[in-house]
Amino acid sequence: MKAIYSLILVLALVVIATLGAGAAKMQTIFAYCVPGTAFAIFVIGFVAKVIGWAKRPVPFRIPTTGGQQQSLDWIVQNKWDNPSTGPQTAMRMLLEVLTFRSLFRNTKVLLKHDDGKNPIVAYVSAKWLWLFALLFHYSFLVIVVRHMRLFLQPVPQFIVAVEFVDSVLQIYTPIVYQTNLLILAGAGFLLARRLLDAKLRYISLVNDYFPLILILSIALSGMYMRYIAKVDVMAIKDVVMGLTTFKFKAVPASIDVSFFVHISLVSTLLAYFPFSKLMHFGGVFLSPTRNLPNDTRMHHHENPWNNPDIKPHSYEAYEDEFREPMFEAGLPLEKTPEEAA
Amino acid sequence: MKLYNGGKIITGLVIFLGIFLAPLAYNAGKAAYTQPKLKMPENEKECIESKEFMRTKHMQLLDQWRDWALRGEGQRFYVNSKGKQFEMSLQKTCMKCHTNKAEFCDKCHNDASVTPYCWDCHIQPEGLKK
């Protein structure tokens, strides 16, 4: 049901854009106002969200990370899994962000049976999530970089190089980019995983399905524009450059509605981003299990939310305060009232 | 307002803004973008198909031409929507009217950052170059 709600939401967006830019002829609104506003919401919302997180006190280190922590000299420390210094922690963060090591550790629970047919709970490695998440994220990155051809003039050589590598198989005309197919495979797997695995389906919410279906439809609408509708790329560059130079022009009539559908979906993604789980883009850098070195035995941690007015209260002082009632209740005491007197 | 690890987080946010606002900075101060001025054939009035069709579907047409001419029955002539006949050839047809690749095809392709690999093998015929 939740997946269907998300699908309906996305389809509603498609219909709004089709009717708005097509039938109602509001091209200017859909070409300039909607994406401009969405981008502003994205940037400001993102910064505000991160500043909001930064105001929260940093918790005590969580040293439950995989690998041997720093110990005696002759015990080999696993520096990237259980770092104790800043640079080691930076390395762990870098590897997490670039290679998704947490997902690589993903396991699956299985019920197996030994020879005597006794049940054994087994944990086996499950790398599919890691693989497809990696494909998905890197494809997304390459696709965003490639799109910069429409945002920059002259087009930097770097972007031409990315396009060249991405289309190196030289299949079909207009040429097929590998990332087009990989992002569909990646996002498709992430969606199928939620739909087909009963345990995952149970914990999936609309805000899990919606971004996935949205991103899939963005990819599909983009491919539709390129391979089926064959939109006027030069006219679109004109509009997009108008957006990035703030020199808006009348929207050329030759632009197909599929373009407006595409950018409406992208605008939705941008505006939704700061308020959604997609903020893990910024959030991963602030995850306490990733960004705090395991140095609890080297540094004193001052709990930031301690009230300075509350002074330390030792057990001795506590017993001094409650000795009489404790004695009456028959509780064991370090000093009996007689001894204390 | 107290920020915990404020220095690092602000640095991160500055990098974020730097990356996402880079396109605006890159284009800042430049004149408004205009679509490239193409050098049109002087003695011809019409392309193979309508101008709108050619603008958006010329790569599809070329792709079909290639298939029809070289695979299939080796049919080498194309009849357009108005009944006019053209030889299906990149070098001999397109480039005969659009004699200057640099001032025509490349103008659009540079801006749209497309590098058709056709020119790895096909050449712009010297005799047609001006």
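Quick caveat, the model's predicted, so the values are computed rather than measured.

Peer 1: I would appreciate a short explanation of the overall build of chain B in the present structure.
Peer 2: Assigned secondary structure in chain B consists of four helices and two strands. Counting from the amino terminus, helix and strand elements in chain B follow one another as α-α-β-β-α-α. Taken over C-alpha atoms, the radius of gyration comes to 23 Å for chain B, far larger than the 14 Å a tight globule of 130 residues would show. Considered along the principal axes of its C-alpha atoms, chain B spans approximately 75 × 35 × 30 Å. Of the contacts made within chain B by residues no fewer than 6 positions apart, 55% connect residues no fewer than 24 positions apart. The positive charge centre, built from 20 side chains, and the negative charge centre, built from 14, are 8 Å apart in chain B.

Peer 1: Can you help me understand the side chain of A:Asp295 in this one?
Peer 2: Looking at where A:Asp295 falls in the secondary structure, it is placed in the loop between helix H13 (288-291) and helix H14 (315-328). Once residues within four sequence positions are removed from consideration, A:Asp295 is found in contact with A:Arg61 and A:Ser84.

Peer 1: Explain a negative patch on the surface to me, please; I cannot follow it from the model alone.
Peer 2: Taken together, the side chains of A:Glu324, A:Glu328, A:Glu338 and A:Glu339 define an acidic patch exposed on the protein surface. Of the residues examined, A:Glu338 reaches a relative accessible area of 58% and is grouped as exposed.

Peer 1: How do you make sense of the packing of aromatic side chains when you look at a structure like this?
Peer 2: When we look at a pair of aromatic rings, we describe it by the centre distance and by the angle of the planes. Under the criterion given, the structure shown has 24 aromatic pairs over all chains. Summarising the aromatic geometry, the rings of A:Phe281 and B:Phe16 are spaced 6.5 Å apart at their centres and angled 65° between planes, so their arrangement reads as edge-to-face. Taken together, the residues A:Phe281 in helix H12 (residues 280-283) and B:Phe16 in helix H1 (residues 6-27) connect one chain to another. A relative accessible area of 35% means that A:Phe281 is categorised as partly exposed. Residue classification places B:Phe16 among the buried residues on the basis of a relative accessible area of 7%. With a centroid separation of 4.9 Å and an interplanar angle of 35°, the aromatic rings of B:Phe16 and B:Phe20 are classed as tilted.

Peer 1: Explain a nonpolar patch on the surface to me, please; I cannot follow it from the model alone.
Peer 2: On the surface, a nonpolar cluster with roughly 600 Å² of combined accessible area is contributed by A:Phe164, A:Val165, A:Val168, A:Leu169, A:Ile171 and A:Tyr172. Note on placement: A:Tyr172 falls in the loop between helix H6 (157-166) and helix H7 (178-196).

Peer 1: I keep staring at unusual backbone geometry and nothing clicks. Help me out?
Peer 2: Residue A:Pro154 is bonded to the preceding A:Gln153 through a cis peptide linkage, with omega at -5°. Residue position: A:Pro154 is located in the loop between helix H5 (128-147) and H6. The peptide bond linking A:Thr173 to A:Pro174 adopts the cis configuration, its omega dihedral lying at -10°. Inspection of the secondary structure assignment puts A:Pro174 in the loop between H6 and H7. Phi is positive for B:Asn5, close to 55°, though the residue is something other than glycine. Its location among the elements puts B:Asn5 in the segment before H1. Accessibility expressed as a relative area gives 44% for B:Asn5, which makes it partly exposed. One non-glycine residue, B:Ser113, adopts positive backbone phi at about 55°. Relative to the elements of secondary structure, B:Ser113 occurs in the segment after helix H4 (105-112).

Peer 1: Please clarify how helix H11 (residues 257-272) of chain A should be interpreted in this entry.
Peer 2: Given 3.6 residues per helical turn, the α-helix brings residues three or four places apart onto the same face. All names here are of chain A. The end-to-end C-alpha separation of H11 is 22 Å, in line with the 22 Å expected for 16 residues at 1.5 Å each. For H11, the buried fraction is high: 12 of the 16 residues fall into the buried class. For H11, every residue scored as buried is listed here: Ser-258, Phe-259, Phe-260, Val-261, His-262, Ile-263, Ser-264, Leu-265, Ser-267, Thr-268, Leu-269 and Tyr-272. Lining the buried residues of H11 we find helix H1 (2-23), helix H2 (27-54), H5, helix H9 (206-229) and helix H10 (233-245).

Peer 1: Can you walk me through the packing of H1(A) against H11(A) in this structure?
Peer 2: Between two packed helices, the angle of one axis relative to the other and the distance separating the axes together describe the packing. Residue and element names in this part refer to chain A. Relative orientation of the contacting elements H1 and H11 amounts to 135°, with a least axis distance of 8 Å. By the angle between their directions, the pair H1 and H11 is classed as oblique. With respect to the hand of their crossing, H1 and H11 are arranged in right-handed fashion. In this structure, H1 uses Val-10, Leu-13, Val-14, Ala-17, Thr-18, Ala-21 and Gly-22 to contact H11, whose residues at the interface are Val-257, Phe-260, Val-261, Ser-264, Leu-265 and Thr-268. Here the contact of H1 with H11 is composed, by residue class, of nine nonpolar, four polar and no charged.

Peer 1: Whenever I open this one, the pattern of salt bridges confuses me. Can you help?
Peer 2: Any two side chains of opposite charge can pair, so long as their charged atoms come close to each other. One pass over the structure, following the stated rule, counts 19 salt bridges over all chains. Two residues, B:Arg71 and B:Asp67, come together in a salt bridge whose shortest N-O distance is 3.7 Å. Residue class for B:Arg71 comes out exposed when judged on its relative accessible area of 58%. One salt-bridge network, held together by shared partners, links A:Asp81, A:Arg101 and A:Arg105.

Peer 1: What is the right way to look at the pairing of strand E1 (residues 107-113) of chain A in this model?
Peer 2: Along any regular strand, the residues point their side chains to alternate faces of the sheet. All names here are of chain A. Pairing analysis gives seven bridges linking E1 to strand E2 (residues 119-125), with the strands arranged antiparallel. Bridging across to E2, His-113 finds its partner in Pro-119. Adjacent in sequence and paired antiparallel, E1 and E2 are bridged by five residues, among which Lys-117 carries a positive phi angle near 60°.

Peer 1: Just to check I follow, could you spell out the interface of chain B and chain A for this structure?
Peer 2: On the side of chain A, 44 residues touch chain B, which itself brings 38 residues to the contact. Here chain B packs against chain A, burying approximately 3,700 Å² in sum over the two surfaces, 68% of which is carbon and sulfur. Our enumeration of links across chain B and chain A arrives at one salt bridge. The residue B:Arg55 makes a salt bridge to A:Asp232 at a minimum N-O spacing of 2.9 Å. Where chain B packs against chain A, one counts 15 residue pairs in polar contact (both at pLDDT 80 or more). For the side of chain B that touches chain A, the secondary structure elements donating two or more residues are H1, helix H2 (51-70) and H4 of chain B.

Cut-off values and rules
Residues numbered from 1 in each chain as written. Chains lettered and ligands numbered in written order. Predicted model: local features only at pLDDT ≥ 70, side-chain atom pairs only at ≥ 80, totals over all residues. Heavy atoms only, no water. Helix = DSSP H or I, 4+ residues; strand = E, 2+ residues; numbered from the N terminus. Rg over C-alpha atoms; globule rule 2.2 N^0.38 Å. Contact = heavy atoms within 4.5 Å. Lys, Arg positive; Asp, Glu negative; His and termini not counted. Charge placed at Lys NZ, Arg CZ, Asp CG, Glu CD. Patch = residues over 30% accessible without salt bridge, like charges linked within 9 Å, V, L, I, M, F, W, Y side chains within 5 Å. Areas by Shrake-Rupley, 256 points an atom, 1.4 Å probe, with all protein chains shown as cover. Salt bridge = Lys/Arg side-chain N within 4 Å of Asp/Glu carboxyl O. Buried < 20%, exposed > 50% of the residue type's maximum accessible area, 1.4 Å probe, protein only. Phe/Tyr/Trp six-rings, centres within 6.5 Å; stacked < 30°, edge-to-face > 60°. Expected span 1.5 Å × (residues − 1). Axes fitted to C-alpha atoms, helices over the stretch in contact; angles between N-to-C directions. Parallel < 35°, antiparallel > 145°, perpendicular 65-115°, else oblique. Left-handed = near helix turned anticlockwise from the far one by under 90°. Nonpolar A, V, L, I, M, F, W, Y, C, P; charged D, E, K, R; others polar. Pairing = 2+ DSSP bridges. Buried area = accessible area lost by both parts, 1.4 Å probe. Polar contact = N/O pair within 3.5 Å; in protein donor to acceptor, adjacent residues only side chain to side chain.

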